[in-house]
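# A look at the structure
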Amino acid sequence: DIGPRQTFGGLLTRTMHTSYMSTAGANMRGLQKLPSLRRRSSSTFARRSASLALLLGTVVALVCVGISSHMGLGMAPATTTARNPVSRIGTITHRAPLPVFRPSLFSRSTVSVPRAFQPATPTETDVKVPSAGGMFTQTKPEERKVIPRDEKGRKKFKVVYVVLESQYQSSMTQACKNINRDQENVCVECSGYLLEELRDPANYEAFKKDVADANVFIGSLIFVQDLAEKVVEAVKPARDNLDAVLCFPSMPDVMKLNKLGQFTLSSLGVGNEKKENEEPKAKKSSVVKDFFKAASKASPATFEENLLKLLRTLPTVLKFLPAGIAQDGRSFLLSLQYWLGGSDDNLENFLLMIANKYVDGVKGQNFIDEKKIAPPNLIAEKGIWHPLAPKVFESSDEYLEWYNKEVGPLNGVPADAPTVGVILQKSHINTKDEAHYVSLFQELEARGCRPVPVYTGSLDFSIPVEQYFYNRQKRCIVDSVINLTGFAMVGGPATQDHDRAVSVLKNLNRPYIVSVPLVFQSFEEWEKSQLGLHPVQTALQVSLPELDGAIEPIIFAGRDAVTGRSVPMQDRIDILAERAMNWAKLRKIENKDKKLAITIFSFPPDKGNVGTAAYLNVFGSIHAVMKQLKAEGYDVDVPENVEDLIDGVLKDKEAELASPELNVEYRMSVDEYLKKTPYADDLRDNWGAPPGNLNSDGENLLVYGKRFGNVFIGVQPSFGYEGDPMRLLFAKSASPHHGFAAYYTYIEKIFGANAVLHFGTHGSLEFMPGKQVGMSGKCYPDRLIHSLPNLYYYAANNPSEATIAKRRGYASTISYLTPPAENAGLYKGLKELGELVGSYQGLRETGRGASIVNSIVASARQCNLDKDIADLPTEEDDAQNMDLEHRDRVVGKVYNQLMEIESRLLPCGLHTVGVPPTVEEAVATLVNIASLDRPEDGFKALPRLCAEAVGRDIEEIYRNSDNGVLEDVTLRQNIVEATRAAVKAAAMQSANAEGRIESVNSMEVQLKNLVGIKSPWRDALLKNGFDVSEDKLTPLFKYLGFCLEQVVADNELGGLMDALDGKYIAPGPGGDPIRNPKVLPTGKNMHALDPQSIPTRAAVDCAKVVVDRLLDRQRQDMGGEWPESVALTLWGTDNIKTYGESLAQVMWLVGVEPVADSIGRVNKLRLIPLEELGRPRVDVVVTCSGVFRDLFINQMNLLDKAVKMAAEADEPLEMNFVRKHALEQAEELGVDLRSAATRIFSNSAGSYSANVGIAIENGGWKDESQLQEQFLERKSFAFNADRPGELAKADQVFKSSLKKVDVTFQNLDSSEISLSDVSHYFDSDPTKVVQGLRKDGKKPTAFVADTTTANAQVRTLSETVRLDARTKLLNPKFYEGMLNQGYEGAREITKRLRNTMGWSATAGAVDNFVYEDANKVFIEDPAMQQRLMETNPNAFRDMIQTFLEANGRGYWDTDEENIERLRNLYQDCEDKLEGIE
């Protein structure tokens, strides 16, 4: 390349792995001497030795728990070297270059780099060790084995090391080679292992043999629990025979292995354990305890800095102490500093020091000249580092002065250029493994951008951010930030302080990108992997940074399999630099010049569905956004009203997607498409030559949508295979079609958008084929979004799919509220039935009581409640023949059923962005928040307080109510009404005259103003008969006041405007605002959770309740027999909302419980003994959604281990159905027991869903066998904990397991999303699949757990479908609320009818009356026909088609008159759509 790259960039390309370092500045070497201690008395020495030994114990313990967790940890220098890489720009000290991967898909010309490494010296020879490679990591330990070729009579010592991070590999190898080359009397043999390699049995056996005959063992950053256990298992038996065991920051059990002379953790009172029958030992010191106590109260940042200050002085002080523990402790601390220094010279001196002092046969022999062992040579603890700089800078002003004078002019980077702050990991600078960093600087500078690279050796990256990203005037100097460490900003991989990180980033207020270097994989392994980034690394370096508000986890560096050095991945670095630059530009471009592409969705396509999004009024919201953009100075032509906007985009809102009536904004010729879309040829295999027949007029590719000034509103094309049965069947999804690719090409390269806004939940870009996490340049989400900043309005209750958009589509999500929830209420016959129940309660003991019961029974049957009340009397039974108790029980069961319907929450209408709910609308949400116990916040639920006020337990009331005890059904309803009244009274205090909340009248202030006067909420409770004291109500209603503030503190428009201004979007959890009010306020960058934190203890407790109820219910129906196998579906969002309840359900079924490791992560298991379990172990078949697979692959690993643990338990087969079935399958399939016990399944990597929902939504299916074949084909990829790096096709064991299933089971955890709201639930339901596989053809019992309220229920699938239909599809409150939303509301009604039919197709779970009643509501009523026809004729036609299809497929039995009416109406719709009057 020529031009700006000629000096720095071009030089870098030719010598990518050159160190840019020299030894200038060596005059700074030498320890800073402390005042001499030699004149002190021996008793003073003894006292100081004892106290410092205690202090040392504190330090080591703290290293173990706190600072230990960070891979880039560095110490204050024992020797500080100011590295001076150049005497003038362009003069560089060379080292051996490393390869730069620049895939051929990048068209930019490059300078090739030879694959050259340090050549082997004559004193070494390669030794081959038998190995099968790792499981996920396939590198081989023999590649880093060093054996002296000729010992020449020298004393040989052997070193074995295990490291997490590979950058030590090259330095360690070179250090050993240097010793073998330079030392006359000693030589070293070295065997090195990467931690992940120990999963391979052959590698592990070789490791144990190496340890057994080693002199020195070194371990570092061993933070993966199961592998830490392997290390302990191998090293502990050999520990006494090893001369030195040095374990640097790792899990506590690994740290306890440390042994260096007299130095051990237990000798210092750290980690020692009392043996059986041993008297308790006196504590050696309280210093450790006191320091920990103080540290626990400090922030991680303060803790870290104090520890570094302590370590700065200790090695020098300890130097003057007599031999013993303190002297050996000094050696340990010096070893730690050497190790963290990381360079080959540091490691060489480290090994020589250890050998000279501790290795038998070397120590005391004067084989090594101690004077030549240099002290640790470290760079400054923190600073601004640039490879061309003469030093590490201590202020941004100094750095910018140097940069603008020396580097900027040479690279064409002006002083006012966009500036990108870059956060580096110190260990890569220490080990001179910085090529990947330098490559990014090159790309930034080539684009006219100025990097400000900062680093620190501590856990807290917020320190250099606060110190170096501001100038002397405290003004921020950067426009965007890239964190290249991959870690959370504060705390590293083990412990984090996300609150501090968010606070620092809010103040900085710049886009925050966290990119990821490969740690557990080589470049080649990652490139071949369908999963992409290693699961452990995803948890540590993607999930955790997201909690800080990080975006765009782009892989930017690989690892060379031979040397372990970091390799710049040039195409990834190019895209990272381009994206960071584009975010930075948003701060520079004036609003009037910014271009925004708003992308809307249409699913299913071709059916009046343009503008689909979960519970969002899309066009109304876009109109609100356009008005706000106009107010902010954007050049946008805002339509006068929403209808004009719809007409502008669709031309005619009745248009089909394929119709020419949909507005065509741009016609792209095939030549233009091929020139501007570099991957177009790759689409031919799936779609043929362009333009194809999708989004095409036969000659050109069509981009649908319309420009409104500098705002383009476009319609994202469909997947393209919705109606193709063969494509739906493929296990792996097809590439995007040419029209899809052309759409994004237009946005970026023709329209020239500065950002794209995907509008609502959700589109399909992020679900296109590619790796799960850590996209390559060949992954379609990466290719499509390319360099465009991607903003995405996403429903706050769907964090799992939002996370997929973040990781695969590089989206910055902005959460929006779901519509306000209301109680479903009673209507029509149900309302009349409720009135009859009320009459009975007043007349139950009179002569009219029996006749009212007869009327209740008849009415209940007319309302089809007999299907939900098994022992409801027949209409022939006369209540006169029943005693009072029997009558009460009948009425109680009917009443309980009515209350379930009445109290169920349902979202009413659709949400418009930027419009918070009214007080009335917020009350139902607040009532449900108040109905949950919150022990973590120190208060009980309001229903519990009400129950206690009348001397009852709420759990007992729930149980009795469920069993139809009339008195308790009535009491439960009274409690519900009292709760509603109290919460409403509180909320209304903050309402204005229009019923909206402008600001919350703080509940705390109200309480102070009402001293001596009953609060409105207590007064409401008293009026309903519940006397709850004010002191019990105070904490609850203060909390509700906070929640109300969050509900109305809308920032949906504000969050978008900030993002378009290149500002930081504050992060927040997604999920159910009832369970977790911290989901509010909306307008946040949504994140999921730390996957290693689930299931929580509370989730395990809830799971036990649900599973026990499930098993009890099944046994009641099956004459007391235990089910032998249960098929479950796991969802990403559900497990985020419930913190892993369904995960825990699987474990409890097989009789295993999760156990937290020593630092609180859930990655261990305990097999519960049968006598403790109290029942047989129930087998499971688990199908995980594609989203769950992406987010929780580590938990899939845990589940697979749990099942195999149960299968391998030597127990009676009648008490262990897991083992029983696995043994049968092992014989049937000819496999071993562990393979036969495979039970955890999902889609292939990069694919999602069974496509059953797509087939049903589009009508593109022949019969049920096709749907079942799709399920089996697409969901039969097994996860294997023994080979965690792959999802392998395992259809035989999948089918074999399913045919043994007795029960299918799913969970509902939120009132916002139920069985008919989305297609996901029936898409993954295996009920009829199991029936088709079972030899007896018996349909398994299907159950659904409903944990949407405090009173968890387990219902049959049919019961749940009926409840859902009664509360939504057939409920006037629901459908009238939707119809009031117009075009989009009509579509929502049709969608629920279609989804209801999905349950007929997959489970046969829909009663005939549901279709019949829906037909009466929407089809038989002429007025309703007219409303639907006028509102959205496409949606109405789809509704009619669904009724006809349900009848044609045998799901709905009705009379011919209804069918004829439907046919006529269908023709009327066709005529209207074609313009025929």
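Residues numbered from 1 in each chain as written. Predicted model: local features only at pLDDT ≥ 70, side-chain atom pairs only at ≥ 80, totals over all residues. Heavy atoms only, no water.

### Side note on the side chain of Lys771
Note the threshold: Numbering of helices and strands starts at the N terminus; helices are DSSP runs of H or I of at least 4 residues and strands are runs of E of at least 2. Residue exposure (1.4 Å probe, protein chains only): buried if accessible area is under 20% of the type maximum, exposed if over 50%, otherwise partly exposed. Note that His is not counted, nor are the chain ends; the positive residues are Lys and Arg, and the negative ones are Asp and Glu. The rule for a salt bridge is simple: a side-chain nitrogen of Lys or Arg has to be within 4 Å of a carboxyl oxygen of Asp or Glu. In what follows, residue pairs with any heavy atoms lying within 4.5 Å of each other are defined as contacts.
Tracing the sequence through the fold places Lys771 in the loop between β22 (755-759) and α25 (780-785). Summary of buried charges: Lys771 has no salt-bridge partner, and the nearest side chain of opposite charge, Glu527, is 7.6 Å away. Once you skip the residues sitting within four places of it in the chain, Lys771 turns out to touch Trp526, Glu527, Lys528, Ser529, Gln530, Leu531, Gly532, Ser776, Cys779 and Arg808.

### Structural notes on the pattern of salt bridges
Under the definition given, this model contains 87 salt bridges. Measuring nitrogen to oxygen at the nearest pair gives 3.1 Å for the salt bridge that ties Asp1179 to Arg1239. Here the residue Asp1179 occupies a position in strand β32 (residues 1179-1184), and Arg1239 occupies one in the loop between α45 (1233-1236) and β33 (1240-1242), the gap between them amounting to 60 residues. Lys1299 is paired through a salt bridge with Glu1228; the nearest N and O atoms lie 3.5 Å apart. One end of the pair, Lys1299, is in the loop between α48 (1291-1298) and β36 (1303-1308); the other, Glu1228, is in helix α44 (residues 1217-1229), with 71 residues separating them in the sequence. Judged by its relative accessible area of 26%, Lys1299 falls in the partly exposed class. The class of Glu1228 is partly exposed, set by a relative accessible area of 41%. Through salt bridges with shared partners, a single network forms among Lys145, Glu151, Lys156, Lys158, Glu189, Asp210 and Asp213.

### Thoughts on the nonpolar core
Put simply, the rule reads: Among buried residues, the Ala, Val, Leu, Ile, Met, Phe, Trp, Tyr and Cys ones that are joined through side-chain atoms within 4.5 Å form a nonpolar core.
By size, the foremost hydrophobic cluster in this structure holds 157 residues, and its most contacted members are Ile600, Ile713, Ile747, Phe759 and Tyr793. For Tyr793, the residues in contact, after removing those within four places along its chain, are Val625, Leu757, His758, Phe759, Gly760, Thr761, Ile814, Tyr816, Val913, Glu1052, Leu1053 and Leu1056. Cys908, Leu910, Val1344 and Leu1357 belong to the second largest nonpolar core, which has 98 residues in total.

### Here's the deal with unusual backbone geometry
Cis peptide bonds are those with omega within 30 degrees of zero, and the linkage from Thr761 to His762 qualifies with -10°. Turning to its location among the elements, His762 is positioned in the loop between β22 and α25. Of note, Asn509 is a non-glycine position whose phi angle comes to about 60°, a positive value. Relative to the helices and strands, Asn509 resides in the loop between α15 (498-508) and β14 (512-514).

### Observations regarding the sheet that holds strand β4 (residues 155-163)
Note the following rule: Paired strands, in this sense, are two strands between which DSSP finds at least two bridges.
Strands sit in the order β5-β4-β6-β7-β8 across an open sheet of five strands; the sheet is mixed. Two strands lie at the open edges of the sheet, namely β5 (186-194) and β8 (259-260), each paired on one side alone. Where strand β6 (residues 216-220) meets strand β7 (residues 244-247), four bridges bridge the pair, whose relative direction is parallel. When the sheet's bridge partners are listed, Ile218 is paired in β7 with Leu246.

### Overview of the pairing of β32
Across the six residues of β32, six count as buried, placing the element largely inside the fold. Burial along β32 is two-sided: the residues Asp1179, Val1181 and Thr1183 and Val1180, Val1182 and Cys1184 are all buried. As judged from the six bridges shared by strand β29 (residues 1125-1130) and β32, these two strands associate in the parallel manner. When the bridges of β32 are listed, Val1126 appears paired with Val1180. Of the strand pairs in this sheet, β32 and β33 are connected by two bridges, and their pairing is parallel. Bridge pairing in β33 links Val1182 to Ile1240.

That's the geometry; what it means functionally is another story.
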